[in-house]
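These are the residues of each chain, in order.
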Amino acid sequence: MKKTLLLLAIVVLLAIIPLFIQKGAEFGGADGEAEMAIGEINADYEPWFESLWEPPSGEIESLLFALQAAIGASFIGYFIGYMRGKHKEG
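Here is what the cut-offs are and how they apply
Residues numbered from 1 in each chain as written. Predicted model: local features only at pLDDT ≥ 70, side-chain atom pairs only at ≥ 80, totals over all residues. Heavy atoms only, no water. Helix = DSSP H or I, 4+ residues; strand = E, 2+ residues; numbered from the N terminus. Rg over C-alpha atoms; globule rule 2.2 N^0.38 Å. Expected span 1.5 Å × (residues − 1). Bend = angle between axes of the 7 residues up to and from the residue. Buried < 20%, exposed > 50% of the residue type's maximum accessible area, 1.4 Å probe, protein only. UniProt positions renumbered as here; feature names shortened; annotations may be inferred. Patch = residues over 30% accessible without salt bridge, like charges linked within 9 Å, V, L, I, M, F, W, Y side chains within 5 Å. Areas by Shrake-Rupley, 256 points an atom, 1.4 Å probe, with all protein chains shown as cover. Salt bridge = Lys/Arg side-chain N within 4 Å of Asp/Glu carboxyl O. Phe/Tyr/Trp six-rings, centres within 6.5 Å; stacked < 30°, edge-to-face > 60°. Lys, Arg positive; Asp, Glu negative; His and termini not counted. Charge placed at Lys NZ, Arg CZ, Asp CG, Glu CD. pLDDT = per-residue confidence, 0-100.

Counting secondary structure elements, the protein chain contains three helices and zero strands. Written out in order from the N terminus, the α and β elements of the protein chain read α-α-α. Relative to its length of 90 residues, the protein chain is extended, with a C-alpha radius of gyration of 20 Å against a globular reference of 12 Å. If one aligns the C-alpha atoms of the protein chain with their principal axes, the spans along those axes are about 60 × 35 × 25 Å.

Written out as structure tokens, the structure is:
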């Protein structure tokens, strides 16, 4: 139990400390960085395709991303629990 709490505290600190070290910094995604890098390498670059649907705002986009992460984490947790229970039975 103590080991679990220690690991949880370390994870929380790793998530919070950068916010205090880099006050006022913009924590952007890799998509914007990649777009800028491609523009620097080849200014005439044309994307292969466009999105079928663009979320109306950044908040909706973040919500959908969080929902996708939650569904994925739920699936992984279910699978690990199922396999662990199956292993304990047999």
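Before going further, it helps to examine helix α1 (residues 2-21). Between its first and last C-alpha, α1 extends 28 Å over 20 residues, near the 28 Å set by a 1.5 Å rise per residue. Of all bends in α1, the biggest is about 25°, found at L14, and the proline P18 comes one to four residues later. For α1, the tally of buried residues reaches only zero of 20 residues, placing the bulk of the element at the surface.

What follows deals with the UniProt feature "transmembrane region" (unreviewed entry) in the protein chain. According to UniProt, the positions carrying the feature "transmembrane region" (unreviewed entry) are residues 63-83. The span residues 63-83 shows a helical share of 100% and a strand share of 0%, and its end C-alpha atoms are spaced 30 Å apart.

On the surface, M1, L5, L8, V12, I16, L19 and F20 cluster together into a nonpolar patch covering about 750 Å² of accessible area. Mapped onto the elements of the fold, L8 is located in helix α1.

Moving on, we come to the packing of aromatic side chains. Counting across every chain of the model gives one aromatic pair. Arranged with centres 6.1 Å apart and planes meeting at 20°, the rings of Y78 and Y82 form a pair that is stacked. Here Y78 and its partner Y82 are both found in helix α3 (residues 58-89), four residues apart, which amounts to about one turn of the helix.

Right, let's talk about a negative patch on the surface for a bit. A contiguous patch of negative charge, built from D31, E35, E54 and E61, is present on the exposed surface. Within the fold, E61 resides in helix α3.

Right, let's talk about helix α2 (residues 30-41) for a bit. One full turn of an α-helix is made of 3.6 residues, so residues set three or four places apart face in the same direction. With twelve residues, α2 should cover 16 Å at 1.5 Å per step; its first-to-last C-alpha distance of 16 Å lies within 8% of that length. With respect to burial, α2 is a largely exposed element, only zero of its twelve residues being buried.

On average, residues of the protein chain score 89 in pLDDT, and 98% of them are at 70 or above. Looking across the protein chain, the model is least confident in α2, with a mean pLDDT of 86, and most confident in α3, with 93.

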